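Residue strings, one per chain:
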Amino acid sequence: TLPPTNHARTPCFRRLHGDDFNCSGLHRVGFTVVAVATMIVFIPLGLAASLVFHHSDSNSPQITAMASGWYKFYATFTKAVMVLSLLLFAPSSPAVVALVICTLQLGITAYVANTLPYFRLWMNRLMAALHGTLAYLALGSFVMSGGQIPVWLGVLLVLACIAVYL
């Protein structure tokens, strides 16, 4: 493994950020407020847009034509949860993040397999294979990271999988 480095002492870091850079300064708080405000505005708008904007004509030449936008809604929601879990929990507990991603991807796989949202059968197969592969990779990450999580969280994730399936 590589020895830990102090990035604040490297010449490139000092050139870009200056000698007086502080991670808990006012600019850090300002960036955090702007990021949270952006998420509060754009995540609900993205979820609403995924429900509204889709090709709903069964004779459409678009390969992504589907009966409703619920699959896109769930996929967008899953992406938002995965990014937020990576930002909030990855440094402290990567196994929990991997298990959350695995659970979300298995839920979308079950949704696609049960509802067949696309008009073209091969698109349904492709999306089920894609999300199933992502769940498999996340499960592998969970196993490789040690796979130690609290029992209550494991029970909660199993109940979430059952709820998504129903």
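All figures in this text were calculated on a predicted structure; none of them were measured in a lab.

If you trace the backbone, F142 turns up in helix α5 (residues 121–144). On a C-alpha basis, the gap between F142 and A95 in space is 5.0 Å, while along the polypeptide they are 47 residues apart.

What follows is about the confidence of the model for the protein chain. Counting all residues, the mean pLDDT for the protein chain is 79, and 80% of those residues have values of 70 or more. When mean pLDDT is compared element by element in the protein chain, α5 scores highest at 89, while helix α1 (residues 11–17) scores lowest at 54.

Let us look at a nonpolar patch on the surface. A cluster of nonpolar residues, V36, M39, I40, V41, F42 and L45, forms a patch on the protein surface that exposes about 560 Å² of accessible area. Mapped onto the elements of the fold, M39 is located in helix α2 (residues 26–52). Owing to a relative accessible area of 32%, M39 belongs among the partly exposed residues under this scheme.

One can describe the packing of helix α4 (residues 94–115) onto α5 by two numbers: an axis separation of 8 Å at closest approach and a directional angle of 160 degrees. One finds that α4 runs roughly antiparallel with respect to α5. At the point where α4 passes α5, the crossing takes the left-handed sense. Two secondary-structure elements touch here, α4 through A95, A98, L99, I101, C102, Q105, L106, I108, T109 and V112 and α5 through N124, M127, A128, H131, G132, L134, A135, A138, L139, S141 and F142.

Time to look at the nonpolar core. One finds M66, Y71, A75, I108, Y111, V112, Y118, M123 and M127 forming the largest nonpolar core, which totals nine residues. Elements represented by at least two residues in this core include exactly α3 (70–89), α4 and α5. With three residues, the top contributor of residues to this core is α4. Judged by nonpolar contacts, the second largest core, of eight residues, contains A98, L99, V100 and F142.

Compared with an ideal rise of 1.5 Å per residue, which puts 22 residues at 32 Å, α4 spans 32 Å between its outermost C-alpha atoms and is within 8% of the ideal. Counting buried positions along α4 yields 16 of 22 residues, so the element is predominantly enclosed.

Note that H131 resides in helix α5. Setting aside its immediate chain neighbours within four residues, H131 contacts Y71, Q105, I108 and T109.

Under the criterion given, the structure shown has five aromatic pairs. A centroid spacing of 5.4 Å and a plane angle of 75 degrees characterise the contact between W70 and F73, whose relative ring orientation is edge-to-face. With W70 and F73 both in helix α3 and three residues apart, this pair spans about one turn of that helix.

The phi angle at L116 is positive, at roughly 45 degrees, despite the residue not being glycine. Positionally, L116 belongs in the loop between α4 and α5. Under the relative-accessibility criterion, L116 is labelled partly exposed at 44%.

The residue W122 is located in helix α5 in this model. Considered as a pair, W122 and I63 are 59 residues apart in the sequence and their alpha carbons are 9.5 Å apart.

Here we take up the side chain of S60. Here S60 lies in the loop between α2 and α3. Overall, S60 belongs to the buried group, its relative accessible area being 9%. Here the side chain of S60 touches Q62 through a polar contact of 3.1 Å, landing on its backbone nitrogen. In contact with S60, other than residues within four places in its own chain, are H55, A65 and R120.

What counts, and where the lines are drawn
- Residues numbered from 1 in each chain as written.
- Predicted model: local features only at pLDDT ≥ 70, side-chain atom pairs only at ≥ 80, totals over all residues.
- Heavy atoms only, no water.
- Helix = DSSP H or I, 4+ residues; strand = E, 2+ residues; numbered from the N terminus.
- pLDDT = per-residue confidence, 0-100.
- Patch = residues over 30% accessible without salt bridge, like charges linked within 9 Å, V, L, I, M, F, W, Y side chains within 5 Å.
- Areas by Shrake-Rupley, 256 points an atom, 1.4 Å probe, with all protein chains shown as cover.
- Salt bridge = Lys/Arg side-chain N within 4 Å of Asp/Glu carboxyl O.
- Buried < 20%, exposed > 50% of the residue type's maximum accessible area, 1.4 Å probe, protein only.
- Axes fitted to C-alpha atoms, helices over the stretch in contact; angles between N-to-C directions.
- Parallel < 35°, antiparallel > 145°, perpendicular 65-115°, else oblique.
- Left-handed = near helix turned anticlockwise from the far one by under 90°.
- Contact = heavy atoms within 4.5 Å.
- Core = buried A, V, L, I, M, F, W, Y, C linked by side-chain atoms within 4.5 Å.
- Expected span 1.5 Å × (residues − 1).
- Phe/Tyr/Trp six-rings, centres within 6.5 Å; stacked < 30°, edge-to-face > 60°.
- Polar contact = N/O pair within 3.5 Å; in protein donor to acceptor, adjacent residues only side chain to side chain.

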